[in-house]
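Summary of structural features
Here is how the chains run, residue by residue.
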Amino acid sequence: LPSANPPPPPPPPPLHPSRPLPPSPCLPPSSPSPLPSPSLLLINTPVESVIMKFGIAACLLLTTIVSVNARKCNTCWLTSLQCSAVKPISSTDSGASPVATSSCIFGYSDGTYSNEDPENGLEPLVFNIPIKTGCGLKSYTDPSSPFYYCNKTAASTNSKIMFGQINDVLQQHIKGKCDKTHVCTMDSTGSDTYYSNNVGYTATIPFISDKGMKVFAIVYIDDPSTAGDVQMVELTVPKLDSKTGNVSSWKSVSVIDSVYSSSAKGVYQPAGGSLTPWCTAIGGEKVPVSQDILQFFSNKAPLPTEMNYGWVTESRVEIDYSASVIKRYALGRIQATATFAMPDKKTVYLSDGSVVYMFVSKLVKDLRNGTLYAANFSKETVKWVKLNSMNESDMIKEISSTPTISFSNYWEGSAYLDATAKSCNTGYKRVFTDQTQCWRPKSAKDKYACLLYPKDCAMFKGATYNLSGVTGFAYNMDDKGATGKELGLNKFFISFSTVSTDMQTSLGGSSVVRPCGSVYMFTIGKVDNCTLLNANCDDATKATSAKSPYTSYALNSYKVDIVNGLPLDTDRSKCEPSLPSQPSYIHFASYHNTLFIADGGSLHESNHVWLLDFSGQGRPFVPTSIFRAPRGSMIEGVSWMNNLVGDGRSYLSISVGSGPQPGFIGYLGPFTLKGYNAGSYDMLTNIGCPIRGEQDYLYDATKYVDKLS
């Protein structure tokens, strides 16, 4: 018989229980948990006028996002990040200083937000600048200057160079003149040491050893007046004071110059960087003219040639805390403007601004041997063409044993069949480098023709070669998450600084001319021999080929204009200030389903970093500005660093340079993650990052596959 006083029903599950995460491999179990702080509130802004500008594209995207039955979840998880907006520069604002959002809230899968939870653990959100160009050897001490910034730590380091200092071929400083705002120009009669304000991409890398945790920033100095450099800055990460509840600031410890591999012969104006899943920074370099080679690299025989530059570089922190730069010749002489390595640690995306390439290495974490492909985009579909395979040692031998390398060494020409129509004889096609006649790779040099001249080879073999300003790649790295319940977009993103008429005509389909740029979203899947462009396989061959795909991370299809800029109605030479303008660097924060987009160009009064929430959790699908760079400066990198040192705090890294003021690296945060226990560590979905010292039990699993030569 039923009891007259039945027991009460079990209590409902907690609203925001901790996420189940594995024990920390980097911090001891005794590490204290972060203390909760008062929650922060979101400041909402009107968005109706902006929503209208997105139209169908926004609606199409929202239909692809999986909704969550908010009130039936047994374990709730993070789904979104929302921040107060940073306004554009006003007529009364000089715009001389950077401005960042001051408050953010997290959204949970049950439809609630962190500002509704008194135990959310959030901490004050600040933007720190640990170092600006010119710091390292000495400190400017003019308190009346707006650039009174070199702190005591930076002034008292054992640095041998200043941050941004670029030396000549003899490793001696370049003379210059620096004004009171600490902007320098090269001048052989000057009494100052020249340093550049052109701070580029920054990769922030944690390093765990028996001496504890260290954090390094590998920074590109992309100086248009010199050869540039790759430098490393050791940093101290903010820590929580358990007594006061305050979090300390980022600080610089020392500036470290890079050591180049013997085959590198220096690096020329590095660009297009990204952090790999095995904790190295990859990027591109430009190609110098002969006079720059003599001035900045070598004036002694045998002289380097232009063929020594334009390659993909890999920069890393060595076991002795030195910084090294190695050129990766197997990926082709692409002069990359954008790079990105996928979670399989074998597939790498690259672009020279006009072509999208995919390199697939034979071994994980090893870029010395693999195959290069190029993409054909047409009507929202992507097909791949194989360019060629290469072993790094073969390419090094080729360029070092050939005194003079020219296009005609590797390609043979043929006059146009019809000069007016510019039609070609069978087997010949038009290419990029020389359009006075038709060309084809020389049969004996085909292997090198496609890697030394990849854009020509891509055009020759049918890839799309007229994309306009490919500037950034991003991917939802953690497509399942720690609980397996995250949104899991499993999408890839490409930013275009513009969508030109030629690009729109080439792509067709839904593409639209966008002078203020756009971001496209791509699906990911397998590619094999029978799914390449113009492949002709019978059913049996298709079935066999499908069992051995080249990669499972190939772009397959895309949606245009996931977010795009718009010209002002009143001035078509400027872009709408409430939307991104000519987007450059982009990065995806997986746990928060958030895409970060950095402005490029000069069509805004100042450049911004934008946040775009993909959660579909009751929030408008419109970008929010969360950072504004000083007027005239460029945003040269943006990276989300999830749970950077295993203490539950995440940061957004922002690099600013190329302006009339000192360049700097900065960090916005901490974003304290609800449910993270001290000691949990899952910055990426692998154990390749952070770097491990030789005494660490994970050293063998995470060490580099090759040593610096």
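What counts, and at which threshold
- Residues numbered from 1 in each chain as written.
- Predicted model: local features only at pLDDT ≥ 70, side-chain atom pairs only at ≥ 80, totals over all residues.
- Heavy atoms only, no water.
- Helix = DSSP H or I, 4+ residues; strand = E, 2+ residues; numbered from the N terminus.
- Buried < 20%, exposed > 50% of the residue type's maximum accessible area, 1.4 Å probe, protein only.
- Contact = heavy atoms within 4.5 Å.
- Areas by Shrake-Rupley, 256 points an atom, 1.4 Å probe, with all protein chains shown as cover.
- Pairing = 2+ DSSP bridges.
- Polar contact = N/O pair within 3.5 Å; in protein donor to acceptor, adjacent residues only side chain to side chain.
- pLDDT = per-residue confidence, 0-100.
- Phe/Tyr/Trp six-rings, centres within 6.5 Å; stacked < 30°, edge-to-face > 60°.
- Lys NZ or Arg CZ within 6 Å of the ring centre and 35° of its normal.
- Core = buried A, V, L, I, M, F, W, Y, C linked by side-chain atoms within 4.5 Å.
- Disulfide = S-S within 2.5 Å.

Here the focus is the overall build of the chain. Helices and strands together make up the secondary structure of the chain, namely ten helices and 34 strands. Here the chain, with 709 residues, has 57% of them falling under the buried criterion. In the chain, 65% of the contacts between residues at least 6 apart in sequence involve partners at least 24 apart. In the structure as shown, the chain presents an accessible area of about 29100 Å², 53% of it carried by carbon and sulfur atoms.

Turning next to the pairing of strand β27 (residues 586-589). Where β27 meets strand β28 (residues 594-598), four bridges bridge the pair, whose relative direction is antiparallel. Within β28, the position partnered with Ala589 by the bridge is Thr594. Where β27 folds back on β28, the antiparallel hairpin that results is connected by four residues, among which Asn593 adopts a positive phi of roughly 50°.

Take Ser545: it is sitting in helix α9 (residues 539-546). Under the relative-accessibility criterion, Ser545 is labelled buried at 11%. In terms of polar contacts, Ser545 uses its side chain to reach the side chain of Asp528, at 3.0 Å. Ignoring any residue separated from it by four or fewer positions in sequence, one finds Ser545 in contact with Asp528, Asn529 and Cys530.

Below, the discussion takes up the confidence of the model for the chain. Considering every residue of the chain, the mean pLDDT works out to 81; 80% of them sit at 70 or more. The secondary structure element of the chain with the lowest average pLDDT is helix α1 (residues 48-64), at 36, and the one with the highest is strand β17 (residues 347-351), at 98. Note on residues 152-157: pLDDT under 50 across the span, and eleven contacts to partners over four residues away in sequence or across chains.

Consecutive side chains of a regular strand alternate in pointing toward one face of the sheet and then the other. β17 sits mainly inside the fold: five of its five residues count as buried. Alternating residues of β17 divide into Thr347, Tyr349 and Ser351 and Val348 and Leu350, and every residue in both groups is buried. In this sheet, β17 lies alongside strand β16 (residues 338-341) in antiparallel orientation, the contact comprising four bridges. Across the sheet, the residue bridging to Thr339 is Leu350, located in β17. Between β16 and β17, which pair antiparallel in sequence order, lie five residues; one of them, Lys345, sits at a positive phi of approximately 65°.

Looking at where Trp640 falls in the secondary structure, it is placed in strand β31 (residues 634-641). With relative accessibility at 9%, the residue Trp640 sits in the buried group. The spacing of Trp640 and Ser650 is ten residues in sequence and 7.5 Å in space, taken between C-alpha atoms. When sequence neighbours within four positions are dropped, the list of residues in contact with Trp640 reads Leu81, His587, Ala589, His592, Phe596, Ser650, Tyr651, Leu652 and Phe671. Engagement of the side chain of Trp640 in a polar contact is seen with the side chain of Asn642, the distance being 3.3 Å.

Bringing the environment of Gln437 into the picture now. Mapped onto the secondary structure, Gln437 falls in the loop between β21 (411-414) and β22 (438-441). Through-space distance from the C-alpha of Gln437 to that of Tyr416 is 5.5 Å; in sequence the pair is 21 residues apart. What Gln437 contacts, discounting residues up to four positions off in sequence, is Gly413, Ser414, Ala415 and Tyr416. Within the structure, the side chain of Gln437 is placed 3.3 Å from the backbone nitrogen of Ser414, a separation counted as a polar contact.

Turning next to the packing of aromatic side chains. For any two aromatic rings, the description comes down to two numbers: the centre-to-centre distance and the angle of the planes. Inspection of every chain in the model, using the stated rule, returns 36 aromatic pairs. Ring geometry for Phe614 against Phe621: centres 5.2 Å apart, planes inclined by 80°, an arrangement best described as edge-to-face. Judged by its relative accessible area of 5%, Phe621 falls in the buried class. Within the aromatic cluster, the residues linked to one another by ring pairs are Phe340, Tyr349, Trp384, Phe473, Tyr475, Phe492 and Tyr553. When the ring centre of Tyr321 is taken as reference, the NZ or CZ atom of Lys214 above it lies at 5.1 Å. Across the ring face of Phe460, the terminal group of Lys429 is positioned such that the distance to the ring centre comes to 5.6 Å.

Counting buried positions along helix α7 (residues 454-461) yields seven of eight residues, so the element is predominantly enclosed. Burial in α7 covers these residues: Pro454, Lys455, Asp456, Cys457, Ala458, Met459 and Phe460. The first or second residue beyond α7 is Gly462, which carries a positive phi of 100°.

Residues Leu81, Phe596, Val609, Phe627, Leu652 and Phe671 are the most contacted members of the largest nonpolar core, which totals 43 residues. Excluding its chain neighbours within four sequence positions, the residues that come into contact with Leu652 are Phe596, Val609, Ile626, Val638, Ser639, Trp640, Met641, Gly666, Tyr667, Leu668 and Phe671. With 40 residues, the next largest nonpolar core counts Tyr357, Ala374, Trp411 and Ala463 among its residues.

Okay, the state of the cysteines next. In protein structure, a disulfide is the covalent linkage between the sulfur atoms of two cysteines. Applying the stated criterion across every chain, the model contains six disulfides. The side chain of Cys450 participates in a disulfide bridge whose partner is Cys457; the two sulfur atoms lie 1.9 Å from each other. For the disulfide bridge between Cys450 and Cys457, the dihedral angle about the S-S bond is near 60°, and by the sign convention the bridge is right-handed. Per residue, the accessibility class of Cys450 equals that of Cys457, and both read buried. One disulfide bridge connects Cys530 with Cys537, the sulfur atoms lying 2.2 Å from each other. Around the S-S axis, the bridge from Cys530 to Cys537 shows a dihedral of about -95° and counts as left-handed. Each member of the pair, Cys530 as well as Cys537, is classed as buried.

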